Amino acid sequence: SSVEQKMANYSNKLYHQLEQETGIQTGYLRTGSISLAQTQDRLISLKRINSRLNVVGIPSEIISPKKVAELHPLLNVHDLVGAMYVPEDAVVSSADVALALASAASQNGVQIYDRTSVLHVLIKKGQVTGVETDKGQIECQYFVNCAGQWAYELGLSNEEPLSIPLHACEHFYLLTRPWDTPLQSNTPTIVDADGRIYIRNWQGGILSGGFEKNPKPIFTEGKNQLEIQNLREDWDHFEPLLSSLLRRMPALETLEILKLVNCPETFTPDMKCIMGESPVVQGYFVLAGMNSAGLSLGGGAGKFLAEWMVYGYPSENVWELDLQRFGALQSSRTFLRHRVMEVMPLIYDLKVPRWDFQTGRQLRTSPLYDRLDAQGARWMEKHGFERPKYFVPPNKDLLALEQSKTFYKPDWFDIVESEVKCCKEAVCVIDMSSFTKFEITSTGDEALESLQYLFCNDLDVPVGHIVHTGMLNEYGGYENDCSIARLTKRSFFMISPTDQQVHCWAWLNKYLPKDSNLLLEDVTWKYTALNLIGPRAVDVLSELSYAPMTPDHFPTLFCKEMSVGYANGIRVMSMTHTGEPGFMLYIPIEYALHVYNEVMSVGQKYGIRNAGYYALRSLRIEKFFAFWGQDLNTLTTPLECGGESRVKLEKGIDFIGRDALLQQKQTGVYKRLAMFILDDHDTDLDLWPWWGEPIYRNGKYAGKTTSSAYSYTLERHVCLGYVHNFSEDSGEEQVVTTDFINRGEYEIDIAGHRFQAKAKLYPVTSFFTHKRRKDDVELSDFHGK
Amino acid sequence: ASTPQKFYLTPPQVNSILKANEYSFKVPEFDGKNVSSILGFDSNQLPANAPIEDRRSAATCLQTRGMLLGVFDGHAGCACSQAVSERLFYYIAVSLLPHETLLEIENAVESGRALLPILQWHKHPNDYFSKEASKLYFNSLRTYWQELIDLNTGESADIDVKEALINAFKRLDNDISLEAQVGDPNSFLNYLVLRVAFSGATACVAHVDGVDLHVANTGDSRAMLGVQEEDGSWSAVTLSNDHNAQNERELERLKLEHPKNEAKSVVKQDRLLGLLMPFRAFGDVKFKWSIDLQKRVIESGPDQLNDNEYTKFIPPNYHTPPYLTAEPEVTYHRLRPQDKFLVLATDGLWETMHRQDVVRIVGEYLTGMHHQQPIAVGGYKVTLGQMHGLLTERRAKMSSVFEDQNAATHLIRHAVGNNEFGAVDHERLSKMLSLPEELARMYRDDITIIVVQFNSHVVGAYQNQEQ
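Residues numbered from 1 in each chain as written. Chains lettered and ligands numbered in written order. Predicted model: local features only at pLDDT ≥ 70, side-chain atom pairs only at ≥ 80, totals over all residues. Heavy atoms only, no water.

Visitor: Got a sec to walk through the overall build of chain B? Specific residues and values, please.
Guide: When helices and strands are tallied, chain B shows 17 helices and 15 strands. Against the compact-globule benchmark of 23 Å for 467 residues, chain B has a radius of gyration of 24 Å, which places it among compact chains. Buried positions account for 54% of the 467 residues belonging to chain B. The long-range fraction of contacts in chain B, counting pairs at least 24 apart against all pairs at least 6 apart in sequence, stands at 74%. Carbon together with sulfur atoms contributes 51% to the accessible area of chain B, which is approximately 22,400 Å² in total. One way to put it: in chain B the 45 positive side-chain charges average out to a point 4 Å from where the 61 negative ones average out. (Helix = DSSP H or I, 4+ residues; strand = E, 2+ residues; numbered from the N terminus. Rg over C-alpha atoms; globule rule 2.2 N^0.38 Å. Buried < 20%, exposed > 50% of the residue type's maximum accessible area, 1.4 Å probe, protein only. Contact = heavy atoms within 4.5 Å. Areas by Shrake-Rupley, 256 points an atom, 1.4 Å probe, with all protein chains shown as cover. Lys, Arg positive; Asp, Glu negative; His and termini not counted. Charge placed at Lys NZ, Arg CZ, Asp CG, Glu CD.)

Visitor: Quick rundown of the interface of chain B and chain A? Include the residues and the values.
Guide: With 15 residues of chain B at the interface, the matching set in chain A holds 16 residues. Summed over both partners, the interface of chain B with chain A buries about 1,500 Å², with 61% contributed by carbon and sulfur atoms. A per-residue breakdown of the area chain B buries against chain A is headed by B:L384, B:H388 and B:L391, which together make up 41% of the total. Counting across the chain B and chain A interface gives 0 salt bridges. Of the residues in the side of chain B that touches chain A, the class split is 8 nonpolar, 4 polar and 3 charged. (Buried area = accessible area lost by both parts, 1.4 Å probe. Salt bridge = Lys/Arg side-chain N within 4 Å of Asp/Glu carboxyl O. Nonpolar A, V, L, I, M, F, W, Y, C, P; charged D, E, K, R; others polar.)

Visitor: Can you explain the domain arrangement of chain A? Please cite residues and give values.
Guide: Entries for chain A in the domain assignment read domain 1 (113-168 + 270-335), domain 2 (436-617) and domain 3 (657-762). Domain 1 of chain A and domain 3 of chain A are separated by 36 Å when their C-alpha centres are compared. (Domains from an automatic or database assignment.)

Visitor: Residues and numbers for the packing of aromatic side chains, please.
Guide: All names here are of chain B. Summed over the entire model, instances satisfying the criterion amount to 39 aromatic pairs over all chains. Judged by centre distance (5.8 Å) and plane angle (45°), the ring pair of Y23 and F41 falls under tilted. Here F41 lies in strand β2 (residues 38-46) and Y23 lies in strand β1 (residues 23-26), a separation of 18 residues in the sequence. F41 carries the same exposure label as Y23, and that label is buried. (Phe/Tyr/Trp six-rings, centres within 6.5 Å; stacked < 30°, edge-to-face > 60°.)

Visitor: I'd like a description of the nonpolar core, backed by residues and values.
Guide: Residue and element names in this part refer to chain B. With 58 residues, the main nonpolar core has V84, L88, F89, I92, L119 and F282 as its most contacted residues. At 11 residues, helix α2 (residues 79-96) tops the list of elements feeding residues into this core. Residue contacts for F89: discarding those within four places in its chain leaves S57, A58, A59, L68, L69, G70, F72, L119, W121 and V205. (Core = buried A, V, L, I, M, F, W, Y, C linked by side-chain atoms within 4.5 Å.)

Visitor: How would you explain a nonpolar patch on the surface if you had to name every residue and give the values?
Guide: Residues and elements named next belong to chain A. Where nonpolar side chains cluster on the molecular surface, the patch consists of V310, Y311 and Y475 and spans about 380 Å² of accessible area. In this fold, Y475 is placed in the loop between β22 (466-472) and β23 (478-488). Given the relative accessible area of 47%, Y475 is considered partly exposed. (Patch = residues over 30% accessible without salt bridge, like charges linked within 9 Å, V, L, I, M, F, W, Y side chains within 5 Å.)

Visitor: With reference to specific residues and values, describe the environment of B:L151.
Guide: Residues and elements named next belong to chain B. Mapped onto the secondary structure, L151 falls in helix α4 (residues 134-151). According to the relative accessible area criterion, L151 is exposed, its value standing at 64%. Each C-alpha atom, one on L151 and one on H99, is 9.9 Å from the other, the two residues being 52 residues apart in sequence.

Visitor: Before we move on, can you summarise the pairing of strand β18 (residues 377-382) of chain A with the specific residues and values?
Guide: All names here are of chain A. Pairing analysis gives 6 bridges linking β18 to strand β19 (residues 385-391), with the strands arranged antiparallel. When the sheet's bridge partners are listed, W379 is paired in β19 with P388. Hairpin connection of β18 to β19: 2 residues between the antiparallel strands, including H383 at a positive phi of 50°. (Pairing = 2+ DSSP bridges.)

Visitor: Any chance you could break down the environment of A:N108 for me, citing the residues and the numbers?
Guide: Tracing the sequence through the fold places A:N108 in the loop between α4 (94-107) and β4 (118-124). Polar contacts involving the side chain of A:N108 include one to the main-chain carbonyl oxygen of A:A104, which spans 2.9 Å. (Polar contact = N/O pair within 3.5 Å; in protein donor to acceptor, adjacent residues only side chain to side chain.)

Visitor: Give a detailed account of the pairing of strand β8 (residues 222-228) of chain B, specifying residues and quantitative values.
Guide: Residues and elements named next belong to chain B. Most of β8 sits inside the fold, with 6 of its 7 residues counted as buried. Of the strand pairs in this sheet, β8 and strand β9 (residues 234-238) are connected by 5 bridges, and their pairing is antiparallel. Bridge pairing in β9 links M224 to T238.

Visitor: Describe the sheet that holds strand β16 (residues 274-277) of chain A, with residues and values.
Guide: Residues and elements named next belong to chain A. What the 3 strands build is an open sheet, ordered β7-β17-β16; its pairing is mixed. Edge strands, defined here as strands with exactly one partner in the open sheet, are β7 (143-145) and β16. Ignoring which end each strand starts from, the neighbouring axes of this sheet average 20° apart. Of the strand pairs in this sheet, β7 and strand β17 (residues 284-288) are connected by 3 bridges, and their pairing is parallel. The residue bridging N145 from the neighbouring strand is V286, located in β17. (Axes fitted to C-alpha atoms, helices over the stretch in contact; angles between N-to-C directions.)

Visitor: Quick one: what's the story with the pattern of salt bridges, residue by residue and with numbers?
Guide: Applying the stated criterion across every chain yields a total of 57 salt bridges over all chains. One salt bridge in this structure joins A:E580 and A:K623, with 3.2 Å as the shortest N-O distance. Note that A:E580 is positioned in the loop between β28 (567-573) and β29 (582-588) and A:K623 in the loop between α15 (613-622) and α16 (658-667), a separation of 43 residues in sequence. A:K623 shares its class with A:E580; the two are buried. The salt bridge involving B:D127 is made with B:R56; its shortest N-O contact spans 3.4 Å. A residue pair is termed long-range when its members are at least 10 positions apart, and B:D127 in the loop between β5 (119-121) and α4 and B:R56 in strand β3 (residues 54-61) qualify at 71 residues. B:R56 matches B:D127 in its accessibility class, with the two residues each being buried. One continuous salt-bridge network, built from bridges that share partners, spans A:D79, A:D192, A:R247 and A:R248.

Visitor: Lay out the sheet that holds β9(B) with the relevant residues and their values.
Guide: Residue and element names in this part refer to chain B. With antiparallel pairing, 6 strands are arranged side by side in an open sheet as β1-β2-β15-β14-β8-β9. Strands at the two margins of the open sheet, each flanked by one partner only, are β1 and β9. Direction aside, the axes of adjacent strands within the sheet are offset by 20° on average. Pairing of β2 with strand β15 (residues 447-454), which is carried by 8 bridges, proceeds in the antiparallel orientation.

Visitor: Outline the packing of helix α14 (residues 407-417) of chain B against helix α15 (residues 426-433) of chain B, listing residues and values.
Guide: All names here are of chain B. α15 packs onto α14 with a crossing angle of 90° between their chain directions and a minimal axis gap of 8 Å. When the axes of α14 and α15 are compared, the pair comes out roughly perpendicular. Residue-level contacts link R413, V416 and G417 of α14 to R428, L429, M432 and L433 of α15. Residues of the contact of α14 with α15, tallied by class, amount to 4 nonpolar, 1 polar and 2 charged. (Parallel < 35°, antiparallel > 145°, perpendicular 65-115°, else oblique.)

Visitor: Before we move on, can you summarise α2(B) with the specific residues and values?
Guide: All names here are of chain B. Compared with the 26 Å implied by 1.5 Å per residue over 18 residues, the 26 Å span of α2 between its first and last C-alpha is a close match. Taking the largest bend as the criterion, α2 deviates by roughly 35°, centred on R87. With 17 of its 18 residues buried, α2 lies for the most part within the structure. (Expected span 1.5 Å × (residues − 1). Bend = angle between axes of the 7 residues up to and from the residue.)

Visitor: Please give an account of helix α1 (residues 11-19) of chain B that cites residues and values.
Guide: Among the residues of α1(B), those classed as buried are B:V14, B:N15 and B:L18. In an axial view of α1(B), the angular spread of the buried residues amounts to 100°, which keeps them on one side of the axis. (Arc of directions from axis to C-beta.)

Visitor: Can you tell me about the confidence of the model for chain B, naming the residues and giving the values?
Guide: Averaged over every residue, the pLDDT of chain B is 88; the share at 70 or more is 94%. Predicted complex, confidence summary: ipTM 0.83, pTM 0.72. (pLDDT = per-residue confidence, 0-100.)

Visitor: Tell me about unusual backbone geometry, residues and numbers included.
Guide: Between B:A50 and the following residue, B:P51, the backbone shows a cis peptide bond with an omega angle of 0°. Here B:P51 lies in the loop between β2 and β3. The phi angle at A:F624 is positive, at roughly 60°, despite the residue not being glycine. Relative to the helices and strands, A:F624 resides in the loop between α15 and α16. Even without being a glycine, B:D270 presents a positive backbone phi close to 65°. By the secondary structure assignment, B:D270 is in the loop between β10 (267-268) and β11 (271-272). Among the residues examined, B:D270 registers a relative accessible area of 43% and is labelled partly exposed.

Visitor: I'd like a description of the packing of helix α5 (residues 161-182) of chain B against helix α6 (residues 187-198) of chain B, backed by residues and values.
Guide: Residue and element names in this part refer to chain B. Where α5 contacts α6, the axes come no closer than 8 Å and their chain directions differ by 135°. When the axes of α5 and α6 are compared, the pair comes out oblique. Seen along the crossing, α5 lies across α6 with a hand that is left-handed. Contact with α5, carried on its side by I176, E179 and A180, involves V193, L194, V196 and A197 of α6 and no other residues of that element. (Left-handed = near helix turned anticlockwise from the far one by under 90°.)

Visitor: Which residues make up the side chain of A:E342, and what values do they have?
Guide: All names here are of chain A. One can find E342 in helix α8 (residues 333-346). Within the structure, the side chain of E342 is placed 2.5 Å from the side chain of T359, a separation counted as a polar contact. Residues in contact with E342, not counting those within four places in the same chain, are W355, D356, F357, Q358 and T359.

Written out as structure tokens, the structure is:
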């Protein structure tokens, strides 16, 4: 990912100058690295990385197998289709780097306690006050849990346990004795991901390890199970990697073994490291779970964490690494053990769009799970919650998991198309129960007052109205983007993205006044949410409730409790998260099956069908609905993404981020979220966009995409992404105006191929009024779908 | 020029052939504990003859303690081995029963009350019992226990297992002989009892009761104990003697039992009277009856018997019958914790594999390859190439272990598919299994295997009790 790239880049620079700064040899050697591709798909994935490296100024190139052989004389290149060469990649000795960093820290007044173990962290009133060690107490305001494999246990040892989901796996690497005629010291490091191995020079011989398909998880029961020093070499386990190594470098046959090292590495549930502040204890920071990339990411990770502690925010958006993306639900040892067994091989697996983890599934489900599954639902998981992607019709077969991996048009394309079409022309139902749902109530006006301070839009609306609003930080960036319904004068219902459950909870608790009669409740589990999308949703609902649902009686962004079928007290909201007409139904879970059955049975005559998140995504992106966590993050403000209408600067309350927005309004924005419609892109034959593709404006790099989807209405791919205005001379960021956006010619770079794109700041409404002509109607339209 | 198309069975096809007859039995646990010295057994058989002439049996004795397991290798047809597989364990069980129980059973039969069950069979669906002969067999068995009741001297002496086994073997063979002489009014049964008597079968039976293991053997099947040494290695202890020309004591016995002038003819070309490989067997009345009796029975017998050249043919140099006996040789072994398993198998296995290999393969299979010593480089000079060769070999071994859930199947896979290096070669396995029926017997014999696994904890507990 881009933040990891930045971390690695910073580490490289840091280690490069470390020797000079400290006088301690770090073994830093610029050898360059070659990532090999045995398949076309792997080459595509390398080309994508190559495009991204180039735009951030890291030199790299895609090279032919022949060039690989020139750069590394011992490699067998016959089975390669290409490779990526990064000449500035370097190797260091991890122990020496650690020593150099420690010594540099000591010189700056840091005290290091050797051979001292932390027993637990002392906490008073939700704030770190000290550390209890086996050699006594140390007072402190901040504590960073960098305990690696033991971070999980240390996190749980507090009075208020902190869940840091990580788990160790054994990791093996081989050391050989030196060659008779040593390789040149600058021979590049090799990453043969298809062969699951890496190879680098080591003291005249080689060092080679890998990420095998069948990892051995270890320390599931905790620290005292087995001494880390007593870990055994396991040659039988290493055999596949050794075979792969000898295939890649046949000359190794005659090289003598020095030893096989067993050095456990720590892995996380999503292959991203864990950093950030505890959601429950202030001053308690974490940096752990490096997924075997500790050395390459360490320098950058340390920098971001330091900024976080000092300024309250790191200088980059690190949400994908934030501890708060997890909750206690990922804390089960069984879950972690199973999941890391999937994650470790994934490091060298081909990373394709829309990958879903296969382990640790079916943890949180909607009460309709079985019903939907029986109707062909295929599932993806977010924050432990199963969500339908799409519904496979009974007569249709999809590819098996391995075969379905592709960078091109996926096999579900037609399925999602018919779901989208049904949303446009009839009505679809999507189970969206995973959304995070909070209720905020108070006896007096505290609820309204607090929310007005926390949110940028005006929440002092009549009862029954829904407000889309950002929850901003003091820099005006989005901490959360949500919809809030005013249920009564003194109670509010708040809907946020699924993975906001921990972060938003922590944020609200941090800022809501303590000791007041204000009640914040997480009601996520209490409601099943059904999204009725489409022009006929209104017919279905009015038939089920005997209430008029037309816009006169039920305007958009309106919320009402009503009965649906026999069930009373259903929260009906006229919004669909897609810009299409329809309703969200928030149903107390015990009524879920009843309401679903009623909706489906009444909906039959309106052509109702199930739909999934892929259809929703297509609809949302073609309407330029940005999504928090993908398009919006803590470093983007409403003004940068067309959210001005959702900011009420003059609502009379100095809400968090208001100053920053006022300032920004005056100076202008330095980046702007735009929607790009790919022009000369062939959906059937060209590589599909995903996210992170470089955007070129008038041939110059201007930013990266944040998400993309195929729009079945426009019959084009749509990407969302930020446009910057980098100065020609200094590369400095300059103000981006509407005019700047509109006057550019744009291209999107997908794995090295640039496609022309039209930039839009507002959705293309004219396209959407898709009317069916009379003579287009045929008999099959009468068939139930 | 066109080359003949090679036909190979795929690995799944090979597996389905190998697994067609496999059977496993686990001794049920009570209260979460298995108090039996036997954990369970795996059995399997692979035919070479069509139909297969080998049989197998396994049963738990219900009125006494102990389990019976046996393999039976038939020749000149499967009639005799089938009959022995159905009947022998009843004869053994009855021989083991105390006087009071025999009386109780006899009274129950007499008064038409429900009978006490004697055996709990553990059968593969392909292991059948003859329905038609059931009544006949029962009557013979009843006559046997009635005689046992009559013979009772009133002293309630402990029943000697060895003696019981010998009596049961001899009595059953006697009954087979008598039934053929008497005949049966039912023509089907009449022909059946004659076929049983004129064909033959060897038997190798184990009786396990706590730590007491008795093996009764008649013929050339074999019982082999798998012993795990302290260093984890495996050694084989033979618990039976083959009754064939390779056994000096058997040669001696035969010479002693017949006049000196027959010394050269009684065993010729390593065969009894130049004809029969095993020197002891059930049935085979051609080697037991007088010439007169044989002729009389055949003449009065059904046409099918008359038309059969084999039955009519009188062995050469046939002067002082009987030449053959079903009397078993019984060995006793007291189980120790290091005795991990017992392999009972017909000569089809022992012809193709050395006993030491059999025990090692089963031992490694049962303990799982993870007990295989891990490789450590230590201070040795090993190149990556050498290490790779070693690892590939180990993996090949391992993969054949994981294919089988049954130790007997695993053993058959090795017996049929082993190459010169002792590793299973799929191509060879596939070739051997695709041989047409007519050819199969030329390359191999029927193979029947039972692998009994012992419960070392229970065996150890017995030992401690007595110390």
